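Report on the structure
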Amino acid sequence: MTRHLFKFSIRALKRQGGYVAINVLGLAIGIACTLLIALFIIHELSYDQFHEHRDQIYRIGLHGRFSGRETRSAYTAPPIAPAMAEEFPEVESFLRMYIWEETVIQVDDRFYTEDHVAMVDSTFFEFFSIPLLRGNAETALTEPFSIVLSETASLRLFGDEDPMNKLLRAGNMPEHFRVTGVMADIPENSHFRAGMLGSFTSTQQASDDNWLSNNLFSYVKLLPGTDPAAVSDRFEGLILKYIGPMIREFIGITIEDFLSSGNAYNFIMQPLTAIHLDPSVESDHHPPNDPRYLWIFGSIGVLIIVIASINFMNLSTAQATKRAREVGVKKVVGSSRGMLVRQFLAETIILAFVAMLVALVLVELSLPYFSNLLSLQLSLSYLGSWYVIPALLILILLIGLLAGGYPAFYLSSFHPASVLKGKTNGKQNTKLRLALTVMQFVISIMLITGSVIIYRQLNYMVNKDLGFDKENILVLRRAYTLGAQVEAFKTELQGIPGVLSVSASTAVPGRSYNNNGYTLRGRSDESFLLNTTFADYDYLETYGIAVAEGRYFDPELSTDREACLLNERAVRNMGIDDPFRTRIINLGDGPPGYPVIGLLRDFHFESLRQDIAPAIILFKQEDMHWGYVSIRYESSMLTRVLKETETLWDSFAASQPMLYFFMDQDFNRLYQEERQSARLSVIFTILAIFIASMGLYGLTAFSLQQRVKEIGIRKTFGAGVSTIWFMVCKEVMVLVALATVVAWPLVYWIGGNWLQNYPYRITMRPQDFLLGFVIAVLIALGSITYRVIRIASMNPSISLHYE
């Protein structure tokens, strides 16, 4: 019986000709889009799932509130993890991780750059399931100045040689590291990046007992079956025991008074597998993604499948009059309604199967481009996971039922006596097709308008006045390489033609801002978090930051070396009435503090996803060697400036590589997630519109075939091609107008909620909505115009004899 059902279904599909091709292509594109989106979502959800003890591992974070400013940070102080392991019976072991970014590696007289070096405790391989290819996992990181290389790093540094026990230099560390192991490359879907692992005992942090110095990642592994809430409840005692004395020492008040004044200080526990999709906890290293984008693209994938399925339903029900006689005959000869339903569903499932094959070809062809667009390594491994093939088969069945369910039951409901006389319930059928077409336009208008809003927000963030000039600035990393020669290096740079100004600082906009605690003289019971930068005399000139009141550091005034500048936001948040009669006291240094000599206009030193934070600029003393050297140059002289700067660097930095970036490009990287989302939304919107256009084209073609005689009669009575075109287009315009009425409120609500995530955002304009409507109209008219003109151009004598 199944064989006969399949044979009947194939014959029926052959008779439908071109409409089958439209259905298959529409479904194939829809399935391909959905599969690509699914691969992206699965990749994001798979982060850290490969670790064996993932359900027992938690990252410890900091949750604080200082004078109304809330912070949730992934960085904690070195002593917390060991203290938890010692005092909490539920904690089995701990791990600390201190990340070095862009570190210079020296092997003999050769220099390399490693993007990420992680200094970790010896328990690293107990926490994370990274295979160790050479060496002993228990002892590889126990000794100071031991280092484990990734397989890629080993090949890059030592080629085919055995790297074990080889020596290398890393960063500015005083001693050589000895290679004690080679591990497999850390998978891409890990929340941290590291090409090398150094022993944590090699660092100063290993002996740092300051509980307020939050600069590394801390992890704990709980005993199996432990309730993490029970561990969190113990944090209060830990804070009273260790944080309380430090607050009393630095601020002069008890922890109870500190908390009762509206401040907060607590630790949080992040499950390992939740880290990547939790943007509420801030981290500069491989920042987490926003799960809202998974919902957005997941919704787009569903909507595209819905559009493709509507195409099928529309074209199937449109052909009801052609298949009505077939249904009547089969019922007369004994076919039951159930048999007909199974036949029509089988036709749809066969089409869905063929569409799936075409979709898989499209996915394989487009996957490299899609992966490059997302800066990911996506792949569709059919046999790599047990669920892939079953999931594809289930998707085929679901699409078959979604697209073919109504047509199957509708076509099988015809009464033999009625259809053999040429009577069908065409009016109800037509109303359904119109409703489905309106739904397609609703989805299309929503996608178009949504893409416009996303792109406008991205453009606003990239081009907004930041309060500083990010153009034409070359920034050199690793200023510590120059040591005490920074000032001499700056002087030499000033002599290069095309260099306008040079500045040395511990931070630059978009990178390496430290949150330090401060208080005010006379208000020692209050504490404030300020983004802290140490900068030289030329910082403001180089970055074009404006002074609102007062002045900047003056080299003629030696007292300015112990002074500070605040931004306007800091003055407001700290409630300072007269800033120039105020002293800012660093909680770690104590009195007498820094007098305020100037107020800076607020400028964006972080992404526009964050509101401008309170900030302080202190003078960069001679013994502060870390940070950056920023060079403002004439745009026409970039090539010469870059070449001569590299030559000068080589003469100062003992041939170590010069690592640099351009400020405008680097600041724009903060919006990579928005840029990717905008591109993807446009691509999938275009594809969704293309699918809808194919369906509209096919539906119009079928509808016009039914109206050939009507058009012939109209032409006989004098109607021209333009009149007939306007008549058909008017009907489509009514559908677009109805869809617009439904789509606009939905877009306004969804877009408004999305924009609320940005403190600096665009305002939705009527033009955004009108643009969606106009594009939808143009696409609709473009889809049907050729077919309408072709039918309207037929000779009436032919039209009147058309069957």
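Residues numbered from 1 in each chain as written. Predicted model: local features only at pLDDT ≥ 70, side-chain atom pairs only at ≥ 80, totals over all residues. Heavy atoms only, no water.

Comments concerning the nonpolar core
- Grouped together as the largest cluster of nonpolar side chains are 116 residues, with contacts concentrated most on Ile 31, Phe 370, Tyr 543 and Met 663.
- Among the elements that take part in this core, helix H2 (residues 18-45) stands out by supplying 14 residues, more than any other.
- Ignoring sequence-local partners within four residues, the contact set of Ile 31 consists of Ile 305, Ala 352, Ala 355, Met 356, Ala 359, Leu 395 and Ile 399.
- Within the second largest apolar cluster, 28 residues are counted, among which are Leu 95, Met 183, Phe 217 and Val 281. (Core = buried A, V, L, I, M, F, W, Y, C linked by side-chain atoms within 4.5 Å. Buried < 20%, exposed > 50% of the residue type's maximum accessible area, 1.4 Å probe, protein only. Helix = DSSP H or I, 4+ residues; strand = E, 2+ residues; numbered from the N terminus. Contact = heavy atoms within 4.5 Å.)

What about a nonpolar patch on the surface?
- Nonpolar side chains collect at one region of the surface, where Phe 353, Val 354, Leu 357, Val 358 and Leu 362 lie side by side and expose about 370 Å² of accessible area between them.
- Looking at Val 358, the relative accessible area reads 32%, which means it is partly exposed. (Patch = residues over 30% accessible without salt bridge, like charges linked within 9 Å, V, L, I, M, F, W, Y side chains within 5 Å. Areas by Shrake-Rupley, 256 points an atom, 1.4 Å probe, with all protein chains shown as cover. Salt bridge = Lys/Arg side-chain N within 4 Å of Asp/Glu carboxyl O.)

Quick word on a negative patch on the surface
- Where like charges cluster on the molecular surface, the negative patch consists of Glu 101, Asp 115, Glu 282 and Asp 284.
- Relative to the assigned elements, Asp 115 resides in strand S4 (residues 110-120). (Lys, Arg positive; Asp, Glu negative; His and termini not counted. Charge placed at Lys NZ, Arg CZ, Asp CG, Glu CD.)

Considering helix H18 (residues 638-652)
- The first and last C-alpha atoms of H18 sit 21 Å apart over 15 residues, in line with the 21 Å expected at 1.5 Å per residue.
- All of the buried residues along H18 are Val 641, Leu 642, Thr 645, Leu 648, Trp 649 and Phe 652. One side of H18 carries all its buried residues, which in axial view fall inside an arc of 130°. Seen from the open side of H18, the exposed residues pointing more than 90 degrees away from its buried face are Thr 639, Lys 643, Thr 647 and Ser 651.
- The secondary structure elements touched by the buried residues of H18 are strand S12 (473-476), helix H15 (486-494), strand S13 (499-505), strand S21 (628-633) and strand S22 (660-662).
- Of the residues flanking the end of H18, it is Ala 654, one or two places downstream, whose phi is positive at about 50°. (Expected span 1.5 Å × (residues − 1). Arc of directions from axis to C-beta.)

A short note on the pattern of salt bridges
- For the structure shown, the criterion picks out 29 salt bridges.
- Across the salt bridge formed by Asp 108 and Arg 110, the nearest N and O atoms sit 3.9 Å from each other.
- Of the residues examined, Arg 110 reaches a relative accessible area of 32% and is grouped as partly exposed.
- Among the ionic pairs, Arg 632 bridges to Asp 469, the shortest N-O distance being 3.4 Å. Taken together, the residues Arg 632 in strand S21 and Asp 469 in the loop between helix H14 (426-463) and S12 connect sequence positions 163 residues apart.
- Asp 469 sits in the partly exposed class, given a relative accessible area of 34%.

Some thoughts on the side chain of Ser 444
- Positionally, Ser 444 belongs in helix H14.
- Exposure remark for Ser 444: the relative accessible area of 5% places this residue in the buried category.
- What Ser 444 contacts, discounting residues up to four positions off in sequence, is Ile 307, Ile 689 and Ala 692.

Digging into the layout of surface pockets
- Roughly 800 Å³ of volume is contained in the second largest pocket.
- Taken together, 26 residues make up the lining of the second largest pocket; nearest its centre are Leu 39, Ile 42, Ser 379, Leu 380 and Tyr 387.
- Contributing elements (two or more residues each) for the lining of the second largest pocket: H2 and helix H12 (388-411).
- Tallying contributions element by element places H12 first for the lining of the second largest pocket, with seven residues.
- Taken together, the residues of the lining of the second largest pocket break down into 16 nonpolar, nine polar and one charged. (1 Å grid on protein atoms, 1.4 Å probe; cavity = no way out; pocket = protein on both sides within 12 Å on 5 of 7 lines; lining within 4 Å. Points joined across faces, edges and corners; volume = space filled by probe spheres on them. Nonpolar A, V, L, I, M, F, W, Y, C, P; charged D, E, K, R; others polar.)

As for the packing of aromatic side chains
- Per the counting criterion, the structure on display carries 31 aromatic pairs.
- Ring geometry for Phe 128 and Phe 192: centres 5.0 Å apart, planes at 50°, overall tilted. Of this pair, Phe 128 sits in the loop between helix H4 (124-127) and strand S5 (132-134) while Phe 192 is found in the loop between strand S8 (177-183) and strand S9 (196-199), placing the two residues 64 residues apart along the sequence. Phe 192 matches Phe 128 in its accessibility class, with the two residues each being buried. (Phe/Tyr/Trp six-rings, centres within 6.5 Å; stacked < 30°, edge-to-face > 60°.)

Some remarks on the environment of Leu 659
- If you trace the backbone, Leu 659 turns up in the loop between H18 and S22.
- Separated by 181 residues in the primary sequence, Leu 659 and Arg 478 place their C-alpha atoms 7.3 Å from one another.
- When near neighbours in sequence (up to four residues on either side) are disregarded, Leu 659 contacts Glu 102, Val 104, Thr 113, Val 475, Leu 476, Arg 477 and Arg 478.

Here's the deal with the confidence of the model for the protein chain
- Confidence in the prediction of the protein chain, expressed as mean pLDDT, is 84, and 87% of residues score 70 or more.
- The low-confidence segment residues 4-18 (pLDDT under 50) makes 22 contacts with residues lying over four places distant or belonging to another chain. (pLDDT = per-residue confidence, 0-100.)

Considering helix H3 (residues 80-87)
- Three or more residues of H3 are buried, namely Ile 80, Ala 81, Ala 83 and Met 84. Buried residues of H3, viewed axially, fall in a sector of 160°; they line one side.

Focus: the pairing of strand S10 (residues 217-222)
- Along S10, six of the six residues are buried, which leaves the element largely enclosed by surrounding structure.
- A two-sided burial pattern is seen for S10, the buried positions comprising Phe 217, Tyr 219 and Lys 221 on one face and Ser 218, Val 220 and Leu 222 on the other.
- One ladder, built from four bridges, connects strand S1 (residues 57-66) with S10; its direction is antiparallel. Across the sheet, the residue bridging to Arg 59 is Tyr 219, located in S10.
- With six bridges joining them, strand S3 (residues 91-107) and S10 adopt antiparallel strand pairing. Residue pairing for S10: Phe 94 is matched across the bridge by Val 220. (Pairing = 2+ DSSP bridges.)

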